[in-house]
Amino acid sequence: MTPTIFVLNGPNLNALGKREPGIYGGKTLGDIEADCRSVGETLGFTIDFRQTNHEGVLVDWLHEADERAVGVAINPGAYGHTSIAMHDAIRAISVPVVEVHISNIHAREEFRHKSMIAPAAKGMICGFGPHSYILALHALKNITQ
Ligand code: CA2
């Protein structure tokens, strides 16, 4: 069976492509999902791609990933800057988690510089636009094979 990667997306990422293209690019989350599926197939992964605006749902999905996936790429959205619950969830599971951000959070407002989940994650990729997701899939291929 092809190993599964969960690609999880947090709050407001469903609005991508509609506003602020200067920061996030013009792609919709649907476009990013299609790109992830295509690259996932090349890398030998099944991609389970999801988005929610709710912190607890992200926590539930991280726990589910521990049962059903070999790794997780997660764009936590703004919860990445604040969520101790997500930090704890990542520490509570054993599959590797790669944090993803479309924008370079370190080059933006100071409140975005801190990631609450980065210390619990395997690594973080930010600043490459939607290609950050693709880089995360390659990183997961490298650390799971
Ligand atoms: O750069 C990223 O991927 C972010 O995770 C995106 C989040 C932001 O809160 C993080 O600091 C960095 C925002 C998600 C999308 O928000 C939108 C806002 C306006 C228009 C469209 C999307």
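Keep in mind that this is a model prediction, so the values were computed, not measured.

Asker: Can you lay out the site of the ligand for me, pointing to particular residues and giving the numbers?
Answerer: In the region of the ligand, 16 residues are neighbours, and Asn75, His81, His101, Ile102 and Ser103 sit closest. Here an oxygen atom of the ligand and a side-chain polar atom of Ser103 are 2.6 Å apart. Protein coverage of the free-state accessible area of the ligand, which is 510 Å², stands at 90%. Looking at the shell around the ligand residue by residue, the classes come out as 7 nonpolar, 6 polar and 3 charged.

Asker: Can you break down the UniProt feature "site: Transition state stabilizer" (unreviewed entry) in the protein chain residue by residue, with the values?
Answerer: The UniProt entry lists Arg19 under the feature "site: Transition state stabilizer" (unreviewed entry), expressed in the numbering used here. Position of Arg19 relative to the elements: it lies in the loop between β1 (4-9) and α1 (21-24). A relative accessible area of 65% places Arg19 in the exposed class.

Asker: Lay out the sheet that holds strand β5 (residues 123-126) with the relevant residues and their values.
Answerer: Note on sheets: strands pair through backbone hydrogen bonds, and any given pair is parallel or antiparallel. The strand order across the open sheet formed by 5 strands is β2-β1-β3-β4-β5, and the pairing between neighbours is parallel. In the strand order of this sheet, the two ends are held by β2 (46-51) and β5, each with one partner. On average, each strand axis in the sheet is tilted by 20° relative to the strand beside it, whichever way the strands run. Where β1 lies against strand β3 (residues 71-75), 5 bridges are found, and the strand directions are parallel. Of the residues in β3, the one forming a bridge with Ile5 is Gly71.

Analysis parameters
- Within each chain, residues carry numbers counting from 1 in the order of the written sequence.
- Note on the predicted model: pLDDT of at least 70 is required for a residue's local features to be given, and 80 or more for side-chain atom pairs to be given and counted; whole-chain, interface and lining totals, by contrast, use all residues.
- Note that the side-chain values use all heavy atoms of the structure and ignore hydrogens as well as water.
- Only a single heavy atom is needed: when it lies within 4 Å of a molecule or strand, its residue is near that molecule or strand.
- Think of a polar contact as two N or O atoms within 3.5 Å of one another; within protein, one of them needs to be a possible hydrogen donor and the other a possible acceptor, and neighboring residues in sequence only count if both atoms come from side chains.
- Here the accessible surface of atoms and residues is derived via Shrake-Rupley with a 1.4 Å probe, and residues count as covered only by protein chains that are part of the display.
- Any residue outside Ala, Val, Leu, Ile, Met, Phe, Trp, Tyr, Cys, Pro, Asp, Glu, Lys and Arg is labelled polar, Gly included; the first ten of those are nonpolar and the last four are charged.
- UniProt positions are given in the numbering used here, feature names are shortened, and annotations may be inferred rather than shown by experiment.
- Elements are defined by DSSP. Helices are runs of H or I of four residues or more, strands are runs of E of two residues or more, and each kind is numbered from the N terminus.
- Using a 1.4 Å probe on the protein chains alone, a residue whose accessible area is under 20% of its type maximum counts as buried, one over 50% counts as exposed, and one in between counts as partly exposed.
- What makes two strands pair is DSSP finding at least two bridges between them.
- Every axis corresponds to a line fitted to the C-alpha atoms, with the helix fit spanning only the stretch in contact, and the corresponding angles, defined between N-to-C directions, vary from 0 to 180 degrees.

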